[in-house]
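Listed here are the chains, written in short residue letters.
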Amino acid sequence: MKNNDSLITLEKVSFSYNGQKPALKHVSFHLSAGEKVGLVGPNGSGKTTLFFLTMGLLHPSSGRVVLFGQQMQREEDFRKVRQNIGLLFQDADDQLFCPTVLEDVAFGPLNQGRSKGEAREIALQTLRSLGLDGFEERVTHKLSGGEKRLVSLATVLAMKPQVLLLDEPTTGLDVNTTQRLVSILNSLDLAYIVISHDMDFIVRTTDKAYAMVQGQLATEEEVVPHTHVHAHGHGRVPHVHTHSPKDGTR
Amino acid sequence: MLEEDFSRGNSPVHRMDPRLKLVSGALFSVIVAVSTRWLAYLPGGFLALGLMMIARLPLRKVFMRLLMVNGLILFLWLLLPFTVGGTALWKWGPFVVTWEGIVLAAHITIRSNIILLAFLALVSTTPVFALGHAMGALGVPEKMVQLFFFTYRYLHVIHSEYQRLMRALKIRGFRAGTNLLTYRTYAYLVGMLLVRSYERAERVRQAMLCRGFNGRFYSLGEFSARGEDIAFTAILVFGSIAMVFLQWM
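Since the structure is predicted, the reported quantities are computational estimates derived from the model, not experimental observations. (Residues numbered from 1 in each chain as written. Chains lettered and ligands numbered in written order. Predicted model: local features only at pLDDT ≥ 70, side-chain atom pairs only at ≥ 80, totals over all residues.)

**Here's the deal with the overall build of chain B**
In terms of regular secondary structure, chain B is built from nine helices and two strands. In chain B, the order of α-helices and β-strands from amino to carboxyl end is α-α-α-α-β-β-α-α-α-α-α. For 249 residues, the compact-globule estimate of 2.2 N^0.38 gives 18 Å, and chain B exceeds it by more than 25% at 23 Å. Per-residue burial for chain B yields a buried fraction of 21% across its 249 residues. A separation of at least 24 residues holds for 78% of the contacts in chain B among residues at least 6 apart in sequence. (Helix = DSSP H or I, 4+ residues; strand = E, 2+ residues; numbered from the N terminus. Rg over C-alpha atoms; globule rule 2.2 N^0.38 Å. Buried ≥ 20, exposed ≤ 12 C-beta atoms within 10 Å, placed from the backbone. Contact = placed C-beta atoms within 7 Å.)

Given below as structure tokens:
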């Protein structure tokens, strides 16, 4: 890796789903080591597409994707660096495809060439670190929604990535599980980008936020009309509160 | 659906090496299936019942499952006595019931039930993922094993998607009837399920790519046959030999 600090760089990236109006228009984005960034914006504004382009699951019609200082062009380029970026999918059922939790968490390490013993050890250790002891023999499709989400996170963390991309991680989670996710994210020494509609969650887990509007990225420096009567970080980013400000918690 | 109730348990049969269960189960079934003498069924029946007892499966549920299969066999009883040629027992205008037909139906009934009992005892006591890995360890092509796993994993997801769609229909007052609207609605339902499954397959593939999938599945499963397993297999093989002996000697 030529540049250790720069993790993800998108340069004027555009993309459209077969012939429709562009999902992303000249988006430039940069993520350095240790940065914790939120990404907010309405449905269909291109947030998930941005993640997919970063992972090489989709390819831009123009612009450059640079990961860890290397320009990505073909599938082989992505294949080499993809395992350093952990993408948490919106739907945990897409992510968990093995019959048991242990096998699912060990899937990544095994693909990275670890031995069975090592992969098992990494998987158990990752589960333990997320407070999921005793989950290893559980059957994935029988887990609850919150459990599925945390196990999905374990499958991603087991690959020891340098960056996490979290796509609406709090969707469908109750207050307790959301709180657990906040603590986990805050304890991680990793750079990550979080897509969420839960501004509260963004505030508690990130240092700054970008807004995505109709395929374009608005940074905090841009002035966004804001008429809230309360104060907190990221106030200039358009957002919706999940509970009213008067209930005391932020 | 697919609750795998029988796979939870801690009997000697449950603990048996899944590879040996599959192999001995298959061997046993083939021998039972090609047997034609009543006497040969005896050791087979004892073996199947014995396994059942050792596995301590809930008898009521086992009975329900047997009932389901015997429902199909009932059709053989309605057909075979009239269609197999031989000595006539009754005549009823154009309908002739033959002794040979009844004997054949009886043979099939006994054989199916013995095989079913043995398979329930051996295979249904194995968790699905152990079964898949055992198939892989026995040289079943990797693609088949993967298909087996994915089918098992996503059957539930597709089923709950089906239930969601069904609920969406019901809350808007849909009632199935014999009319064009019903047929069209069901066609939409199936079409929707297909599209959703296809899209999910695409997302699962993407999730797998993100985790370094390169076309090969590595398994964590390790199998080791222990003394107990060898003993069990020996009993099964001995029973099978007894059947072969009674059948052809």
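**Topic: the overall build of chain A**
Within chain A, the secondary structure is distributed over eight helices and ten strands. Looking at chain A as a whole, 46% of its 250 residues qualify as buried. Look at the contacts in chain A between residues 6 or more apart in sequence, and 68% of them connect residues 24 or more apart.

**Comments concerning the domain arrangement of chain B**
When cut into domains, chain B gives domain 1 (5-133 + 224-248) and domain 2 (141-210). Each of domain 1 of chain B and domain 2 of chain B has a C-alpha centre, and these two points are 34 Å apart. (Domains from an automatic or database assignment.)

**Re the sheet that holds strand 3 (residues 36-40) of chain A**
The pairing of strands in a sheet comes from backbone hydrogen bonds and takes either a parallel or an antiparallel form. All names here are of chain A. Here six strands make up an open sheet; going across it, the order is 6-7-8-3-9-10 and the pairing mixed. Each end of this open sheet is capped by a strand with a single partner; those strands are strand 6 (85-88) and strand 10 (216-218). The average undirected angle you get between the axes of adjacent strands in this sheet is 20°. By the bridge criterion, three bridges tie strand 9 (residues 208-213) to strand 10 in an arrangement that is antiparallel. Of the residues in strand 10, the one forming a bridge with Val-213 is Gln-216. Sitting on the sheet, helix 6 (residues 145-157) is in contact with strand 6 and strand 7 (163-167), with an inclination near 165° to strand 6. (Pairing = 2+ DSSP bridges. Axes fitted to C-alpha atoms, helices over the stretch in contact; angles between N-to-C directions.)

**Focus: the nonpolar core**
Of all hydrophobic cores here, the largest spans 74 residues; its most connected members are Leu39(A), Ala154(A) and Leu165(A). For Ala154(A), the residues in contact, after removing those within four places along its chain, are Val105(A), Thr126(A), Leu127(A), Leu130(A) and Leu132(A). Core analysis: the next-biggest nonpolar cluster, separate from the first, contains 23 residues, Val32(B), Ala40(B), Ala48(B) and Leu57(B) among them. (Core = buried A, V, L, I, M, F, W, Y, C linked by C-beta atoms within 7 Å.)

**Re the packing of helix 4 (residues 59-83) of chain B against helix 5 (residues 99-122) of chain B**
Residues and elements named next belong to chain B. The N-to-C vectors of helix 4 and helix 5 enclose an angle of 160°; their axes lie 9 Å apart at closest approach. Our classification of the angle between helix 4 and helix 5 gives roughly antiparallel. Here helix 4 runs over helix 5; the crossing is right-handed. Between helix 4 and helix 5, the contacting residues are Val-62, Arg-65, Leu-66, Val-69, Ile-73, Leu-76, Trp-77, Leu-80, Pro-81, Phe-82 and Thr-83 on the first element and Gly-101, Ile-102, Leu-104, Ala-105, Ile-108, Thr-109, Ser-112, Asn-113, Leu-116 and Leu-120 on the second. Taken together, the residues that form the contact of helix 4 with helix 5 break down as 15 nonpolar, five polar and one charged. (Parallel < 35°, antiparallel > 145°, perpendicular 65-115°, else oblique. Left-handed = near helix turned anticlockwise from the far one by under 90°. Nonpolar A, V, L, I, M, F, W, Y, C, P; charged D, E, K, R; others polar.)

**Digging into the interface of chain A and chain B**
Facing 26 residues of chain A, the contacting portion of chain B comprises 22 residues. Listing elements by their share of the side of chain A that touches chain B, those giving two or more residues are helix 3 (92-95), helix 4 (101-111) and helix 5 (116-129) of chain A. When residues in the side of chain A that touches chain B are grouped by element, the largest group, seven residues, is from helix 4 of chain A. Grouping the amino acids of the side of chain A that touches chain B by side-chain chemistry returns twelve nonpolar, eight polar and six charged.

**What to know about helix 6 (residues 128-137) of chain B**
Buried residues of helix 6 of chain B: Phe129(B), Leu131(B), Gly132(B), His133(B), Ala134(B) and Gly136(B), and no others. Where helix 6 of chain B is buried, its residues meet helix 4 of chain A together with helix 2 (18-34) and helix 7 (142-170) of chain B. Once helix 6 of chain B finishes, Gly139(B) follows within two positions and takes phi at roughly 90°, a positive value.

**Comments concerning the confidence of the model for chain A**
Residue and element names in this part refer to chain A. Residues of chain A with pLDDT of at least 70 account for 87%, and the chain-wide mean is 86. A low-confidence stretch, residues 221-227 (pLDDT under 50), is modelled with seven contacts involving residues beyond four sequence positions or located in other chains. Scored below 50 in pLDDT, residues 244-250 shows four contacts in the model against residues more than four places distant or in partner chains. (pLDDT = per-residue confidence, 0-100.)

**Digging into the sheet that holds strand 1 (residues 6-15) of chain A**
Residues and elements named next belong to chain A. A sheet is described by the order of its strands in space; here four strands give the open sequence 2-1-4-5, paired in antiparallel fashion. Each edge of the sheet is formed by a strand with only one pairing partner; in this case those strands are strand 2 (24-32) and strand 5 (70-72). Strand-to-strand, the axes of this sheet are offset by a mean angle of 20°, without reference to chain direction. In terms of strand pairing, strand 1 meets strand 4 (residues 62-67) through five bridges, oriented antiparallel. Counterpart to Glu-11 in the pairing with strand 4 is Arg-64.

**A short note on the packing of helix 3 (residues 38-55) of chain B against helix 5 of chain B**
Residues and elements named next belong to chain B. With their axes 8 Å apart at the nearest point, helix 3 and helix 5 run at an angle of 30° to one another. When the axes of helix 3 and helix 5 are compared, the pair comes out roughly parallel. Taken as a pair, helix 3 and helix 5 cross one another with a handedness that is left-handed. Of helix 5, the residues touching helix 3 (which contributes Tyr-41, Gly-44, Gly-45, Leu-47, Ala-48, Leu-49, Leu-51, Met-52 and Ala-55) are Ile-110, Ile-114, Leu-117, Ala-118, Ala-121 and Leu-122.

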